[in-house]
Every structure is written in C-alpha cells, then in structure tokens.
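Topology and contacts: notes
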Amino acid sequence: MKKVNRVLSMLLVMSLVFIAACSNNAGTNDPATTDNNKGAEGAKSNETIYYLNFKPEIAEVYEKIAKDYEAETGVKVKVVTAAAGTYETTLKSEIAKSEAPTIFQINGPVGYEAWKDYTLDLKDTKLYSYLSDQSLAVTEGEGVYGIPYVVEGYGIIYNNAIMEKYFALGTKSTAISSMEEVNNFDTLKSVVEDMQANAEALGIKGVFSSTSLGAGEQWRWQTHLANIPLFYEFNDIQGFDNATSAGLAANEIKFSYGNNFKNIFDLYINNSTVKPTLLGSKTVADSMAEFALGQSAMVQNGNWAWNQINEVSGNTVKAEDIKFLPIYSGVTGEEKQGLAVGTENYFAINSKVSEAKQQASIAFLEWLFTSDTGKAYVTNDLGFIAPFNTFNDDEKPADPLAKEILAWMEKDTTSVAWTFAAFPSEDFKNSFGDALLQYAQGNEAWDKVSSVVVDSWKSERAK
Amino acid sequence: MQKMIQKYFALFALPTLIAFTLAFVVPFIMGIYLSFTQFTTVNDATWVGLDNYIKAFSDKDFLNALWFTARFTIVSVVLINVFAFLIALLLTKKVLGTNVFRTIFFMPNLIGGIVLGYIWQLIFNGILYKFDVTLTNDPAYGFWGLVILMNWQLIGYMMIIYIAGIQNVPKEQLEAAKIDGATNWVILRKIILPLVMPSITICLFLSISNSFKLFDQNLALTAGAPSKQTAMLALDIFNTFYGKTGFEGVGQAKAVMFFLMVGIIVIVQLAITRRKEIEN
C-alpha cells in the first residue's frame, strides 16, 4: 500500500512539474519574444486572423463572411464583437493577450492617438490604394494608420406614411402639406408640435422615439447631435482646411451654437413617446423598436439602423416609407444643410503581431473589398457604402436608408462633416451625456449643460 | 503521522500554492508596479513615480465615490446584520416550515450580481414609472436601490451564519437562565449575543468587505447615473481604467489605495470584534 502511495505521489509531482514547465513556456511566449519564433510561424501558411468587430448589429454577417473566407482560402478568421459601448474596454484587454486582435478599428485621429503604438503603417497596402478619397484615411507624417471602410450618414429618420396621414388630417393647424416644405427648424417645429397635439388621430404615441439617455445609450446625443452645433462653430474658425482640423486644434470651445442644440433637443424630448423624466431608462433599441412598431414618426439615427428597424418583430414600417431629414436646429442658412455624412470606422492592423499575421489580415481585408464574394457581402449584408474604387455604381447597398443618403449627397445641399472625430475624449462625451440627462429630468438648467460642455472640453483637451 | 505530513507537505500544498501565486500574488505585485507607471496594456509600461497617486487624489469623482461608498457601507452593514440576526432568531424558534423559509431566504444569494442588478432595475423603474421618474432622477433613489438590493442578496447568507451560531448556544445555559427568571431580552443580551460573537465577526467582515467592494450590482443597477453620483469606488476605478485614455495608471493607483483601505478597515473590525469573543 505504501509503495502504491509513493508511486502515486511521484506521478503527481511529476505531472505538476510538467504543468509548471508548460505554463512557463507559454508565459515567455509574449509579443516581445515572438521575433525568435518568426521563422517557425512563417512556415505555417495558415495564420489565424483575429478581427475585433465594433458593430454588434452586423456581428452575424461577419460570422458568415469568416466561414466563407475559410472555405475559400483555408485561413481561419476569428471574429469577436464588443458589446455596444465597450469597444475600447474590450480592445484594451484583448490586445494585451498573446492571441491579440490582428485587425481592430480606431475612431479617427483621437482614437489613433490612444493606439498609435499598435497601428501598422498601411501606406504600401493595396487597400489604401483602393480608397476613392485618400484624404479620408488617418495619417501622421508619411504614414497611413487607419483606413476608413464605410461611409455613413445620420439625420432624422421619418416614417413617410405617418407624415402623409398628418398632411391629410382635417384637424391640422399648419399650412405645410409635404415634407419638401420642411427645410428649416421653424417649419419642423411647427409640424412636430402640431403632430404631437394630434397624436391620437395619427395613431402614434409621440412624434419622436424616446431620447435614450440610459448609461451607454447616449451616443446619439452626446456625439451625433452634438456634432451639429460644433460643426458650425468650427466652420466659423478661419484658417483651417475643414471643420474637423479646426476642432482638433481647438483647446477651448465656446459652444456658440448651444442654443441651437437646445432647440432641437427640447423638440425631441418634449414631443416624444414618453415623458422627459423617464428617459434615463431608455435604450437605443427601445427607440428603434418604437419607430419600427409605428408608435413614433421620427427618430434620430443613421443608416446602420436599418437592420434594427427591419428586424423588429411586428414591424409596421414599410421600406419605401423610410426617409431621411437633415437635423435642423435653427442655424441661418440651414435650408442648404444636408445629412451628416462621414465615418468613424477605420481599420487598423496590429503592429505587434507577427508579420505573417499582419499580411494575412491585410489579405483578408483586400479580399473583402475586392473579390466578388466579399463585395456582395459588403453591399448586400453589411450594407456599407464602401469608400473604395473597387465598387461599381451598381454595387451600392439597396436598403432604404443607404439609398436615401446617396440621394441626399446628390442634392444641392452641403453635408455636415463628422467633426466629432475631433472631440477630445470619451469622457467629454459622457460628461455631456450626463448633463443632458440631468437637464431632461429637470434637475439642472440649460446653463449648466453649456458650462459642462465648455469646461469639460477644456479640461479633457488639456490632459 | 506528523512526520508523514511533513514529508508530503510540498505535494499537498503545491497545487494550491501554484494556483495562488499565478492567480493572486503575481497579478498583485504587477498591479502595484503598474500603479507607478503609465501604460496602455500591461505588457509595456513607463515609470512615472507618484504621479498617478497625485492625479487620483485630485480627481473629484474618486473622492465623491469614496464618500458614497462609505455611506453605503455603513447603512447596508447595519441593516443587513440587524435583519439577518432577527430572521435567524425567528427561524431558530420552533416555527412551522423553518427549513423552507431558510432555503427561500438563502436563495437570492445564488443569483449573480449583474442579473440581480438588472432585475431590481426593472422592479424599481416599474414602481417609479408610476410617479413619472426613474432611478436616475435622483442619486438618493440609486443609493436606496443599492441598499435594498444588497440587503435582499446578503441577508439570507448572513442569516445562515447566525443560525449556526445561535444553534451552538448550549441549551443548559438557556434553561438555567429561564429558571432564574431572566426575561427574553436579558437572555438575548447576556447569553445569546456574547455566544454568537464569532458569527458576528464573520458576518461583519463579509458584509463590510462585500459592500465596500460592490461592483456588479452597482454597474447593472445605475452605472453611476446621474452624473457619476452613484458610482462606488470599484466602478470609479473601472471607469478610470477603461474609460479614459492614458489614465490606466491612475486607475491602478486608485485600485492599490482601494486595497489598502479595505484591508485596514476589515483588520480594525476583526481586531475589535475578536476581542469581544469569549470561549464557549
């Protein structure tokens, strides 16, 4: 018996030593020492690509693409999707792992600042040469570190069926009879307020979907809506090529168009499906569902929201009734204002993974945007308006919102650039959002919101 | 036998020691080191000295979170222990269905914090909707929401510990006291309380450290809304680490201070309550 015990314990000790030795090996295999293993890794042709996806709404499509790509080329693509609002968090912990993401995305110049130690120079890639407008890329000096892969637009999405119903309504008190006439804030306001008064006759709960101000659900206001007044403010600054570079150079802002923000924000929260005091519990999904179910006539969002509208069960909105309206806020000359068009999605390749992985990742992206299979996915399933010249005119997404954006870009209007790429930090946006929630709930006056915006810009830029 | 244990000490202790070193000691030392550095990911860091600590203390969100956490801990520790003890007293009496009640009271403890947070958020908002407000309207709602949630979750667990303590009180002493004519109050004060002191030590330790370190419930219930006014320390550390670029080191510095605070508080508490324990 004793002998058996001894043998057993010897075995255990040996297995422990073995485990310890193995884990030790794995421990030293961090990115700093992978150079030594490069030869060995290069010999393997099948490098696994790890793509950390930013857009949860199209996560399933990426899974399909990964499967197809593997079937076609034998290269395995691992797609991980960060939950809404947690991309930076996820990226930070994923990139420290030994199996780090090989493809990730940055949100523009500010995001590049945070990740510049990890972004590979993509100047010599074919992907960069395919860009139809190379000035869109994130660059520093000679290097190209972020390549935009989608052009998006946002504005006020409206349900034309409800609008037609309103224009035909006997009890309406405005003289406006078609959406063509709504081309500034005053007409929008009169229509919206009259619609709200007639909400019951129109069969809606409120004109606007709820203004989601729950934690992590505020980006439509503290980023997208905030872009409108700040775009005008930066445009007023002389001596810059465009509003975004003016914004990047601004150490302080005045929030001089703050009242315009208040105009439209008040309109949103006071003519909505719920009372302003209840907004702290609302999510973006809630608002999109309200719109899809026909409980509201308008909602501020971008073309990426098409899936969310389309996939709500019990959806009553017809594709041909979905239209875009620019976000009017009472700025002089806004009759010529178009939708807000731009991008905050830039591909970056991890510079700290092995060369073979980097090349495999670039090859995957090039496949996605040049091969017929890849392009079909991009236009039909991902619904991207891709900014690459490999796409022909007939290879544009067919969903109603993307078509609307292309139509608006053709019109005689000026698109609002996405200047929020110049916002100093996530913290700035979140302080802005928090202040908006306090304002909506009636706990704080508008002056407080303005001062939070101005102060927080200054302190965050100084960091 | 003694010899046998000595001989195989390494064999029996090693697995635990290795696990403890890998999962605790190494990250802990790394964490302390990182609190003196500026870093984006944990593998590359540059030394900045005490800079992070200075930044942490000049951060008013951190001080605000500290104050909120302190208030929360005091209120919830008192309430949890009072209720848990009362329920334990009740359920050690010969009442019909004590076992069923014990099980039911214990069950909330088996549900994860995030899930609990969202469930209670629905409940609270459901009630508050009737008054046209939500949890985010006033930090006080969030505060009491967290207190209620924490009570609901921890009372059952503490109750079990108290029940074990109360059941250990010798029947002879209780009987003798009754024969001497002691009232129920006197029996509770002079016999039961001193004898369950070990349970009180454990329960206070668990409820203080759990309340101080609360994270999941906080994140799910309010996420700090409105304006970070209901963010507790752990959530503030998380937000600093992940929410602000270039502030990872500051978050780490906050975490080290957080560890020291929790450590000091519970050691003081253990010393005080230990002294009151008497040999049974």
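The residue count restarts for each chain, going from 1 along the sequence in the order it is written. Chain A is the first chain written and ligand 1 is the first ligand written, with later ones labelled in order. Side-chain atom pairs in this predicted model are given and counted only at pLDDT of 80 or more, local residue features only at pLDDT of at least 70, and totals for whole chains, interfaces and linings cover all residues.

1. Focus on the overall build of chain B
Defined as follows: Going along the chain from the N terminus, every DSSP run of H or I of four or more residues is numbered as a helix, and every run of E of two or more is numbered as a strand. Our exposure labels follow a C-beta count within 10 Å of each residue's own C-beta, placed from the backbone: buried means 20 or more other C-beta atoms, exposed means 12 or fewer, and partly exposed covers the counts in between. C-beta atoms are placed from the backbone for every residue, and two residues are taken to be in contact when these atoms lie within 7 Å.
Within chain B, the secondary structure is distributed over 13 helices and 2 strands. Over its C-alpha atoms, taken along the principal directions, chain B stretches across nearly 70 × 70 × 30 Å. Counting over 280 residues, chain B shows a buried share of 34%. Looking at chain B alone, contacts between residues at least 24 apart form 75% of all its contacts between residues at least 6 apart.

2. Some words on the overall build of chain A
Each helix and strand in chain A was counted, giving 19 helices and 12 strands. Projecting the C-alpha coordinates of chain A onto the three principal axes gives extents of approximately 95 × 55 × 45 Å. Within the span of chain A, comprising 463 residues, buried residues form 46% of the whole. Across chain A, contacts joining residues at least 24 apart in sequence account for 74% of those joining residues at least 6 apart.

3. Brief notes about the nonpolar core
The line we're drawing: Linking buried Ala, Val, Leu, Ile, Met, Phe, Trp, Tyr and Cys residues through C-beta atoms within 7 Å yields a set, and such a set is a nonpolar core. How far each domain reaches was decided by an automatic or database domain assignment.
Ile147(A), Ile157(A) and Leu436(A) are the most contacted members of the largest nonpolar core, which has 128 residues in total. Ranked by residues supplied to this core, first place goes to helix H10 (residues 219-236) of chain A with 8 residues. No fewer than three residues from each of domain 1 (40-151 + 343-391) and domain 2 (153-341 + 408-462) of chain A sit in this core. Discounting chain neighbours no more than four positions away, the residues touching Leu436(A) are Leu213(A), Gln218(A), Trp221(A), Gln222(A) and Val449(A). Judged by nonpolar contacts, the second largest core, of 51 residues, contains Leu149(B), Ile200(B), Phe212(B) and Phe238(B).

4. Details of the packing of helix H4 (residues 60-92) of chain B against helix H7 (residues 139-167) of chain B
Residue and element names in this part refer to chain B. For clarity, the cut-off: Lines fitted to the C-alpha atoms define the axes, with helices restricted to the stretch that makes contact. Angles between their N-to-C directions range from 0 to 180 degrees. The scheme is simple: roughly parallel for angles under 35 degrees, roughly antiparallel for over 145, roughly perpendicular for 65 to 115, oblique for anything else. Helix crossings fall into two classes, left-handed where the near helix is turned counterclockwise from the far one by less than a right angle and right-handed where it is turned clockwise. The classification used treats Ala, Val, Leu, Ile, Met, Phe, Trp, Tyr, Cys and Pro as nonpolar, Asp, Glu, Lys and Arg as charged, and all other residues, Gly among them, as polar.
Remark: H4 packs on H7, axes separated minimally by 6 Å, with the N-to-C direction vectors making an angle of 40°. One finds that H4 runs oblique with respect to H7. In the packing of H4 onto H7, the handedness of the crossing is right-handed. Each residue belonging to the contact of H4 with H7 can be placed in one class, and the counts come to 22 nonpolar, 5 polar and no charged.

5. Quick word on the interface of chain A and chain B
Taken together, the 29 residues of chain A in the interface contact 28 residues of chain B. At the level of secondary structure, the elements contributing two or more residues to the side of chain A that touches chain B comprise helix H1 (2-28), helix H4 (87-94) and helix H18 (426-440) of chain A. The class makeup of the residues in the side of chain A that touches chain B is 11 nonpolar, 9 polar and 9 charged.

6. Looking at the environment of Ile349(A)
Residue and element names in this part refer to chain A. Structurally, Ile-349 is set in strand E11 (residues 346-349). Along the backbone, Ile-349 and Thr-277 are 72 residues apart, and their C-alpha atoms lie at a distance of 44 Å. Sequence-distant contacts of Ile-349, that is, excluding residues within four places in its chain, are made with Thr-102, Ile-103, Leu-120, Leu-122, Gln-358, Ser-361 and Ile-362.

7. What to know about the domain arrangement of chain A
Interfaces are frequently sized by the accessible area removed from exposure as the parts join. The domain boundaries assigned to chain A delineate domain 1 (40-151 + 343-391) and domain 2 (153-341 + 408-462). Each residue belonging to the side of domain 1 of chain A that touches domain 2 of chain A can be placed in one class, and the counts come to 5 nonpolar, 5 polar and 4 charged.

8. Some thoughts on unusual backbone geometry
Residue and element names in this part refer to chain B. Notably, Asp-132 is not glycine yet its phi reads approximately 60°, a positive angle. By the secondary structure assignment, Asp-132 is in the loop between helix H6 (113-129) and H7. Its identity is not glycine, yet Ala-223 carries a phi of approximately 55°, on the positive side. Mapped onto the fold, Ala-223 is located in the loop between helix H11 (216-221) and helix H12 (233-243).

9. Describing the pairing of strand E3 (residues 103-106) of chain A
Residue and element names in this part refer to chain A. Our working definition: Each pair of strands is called paired provided DSSP finds at least two bridges between the two strands.
Going residue by residue along E3, you find Ile-103 and Gln-105 tucked away on one face and Phe-104 and Ile-106 tucked away on the opposite face as well. Pairing analysis gives 4 bridges linking E3 to E11, with the strands arranged antiparallel. Residue pairing in the sheet places Phe-104 in a bridge with Ala-348 of E11.

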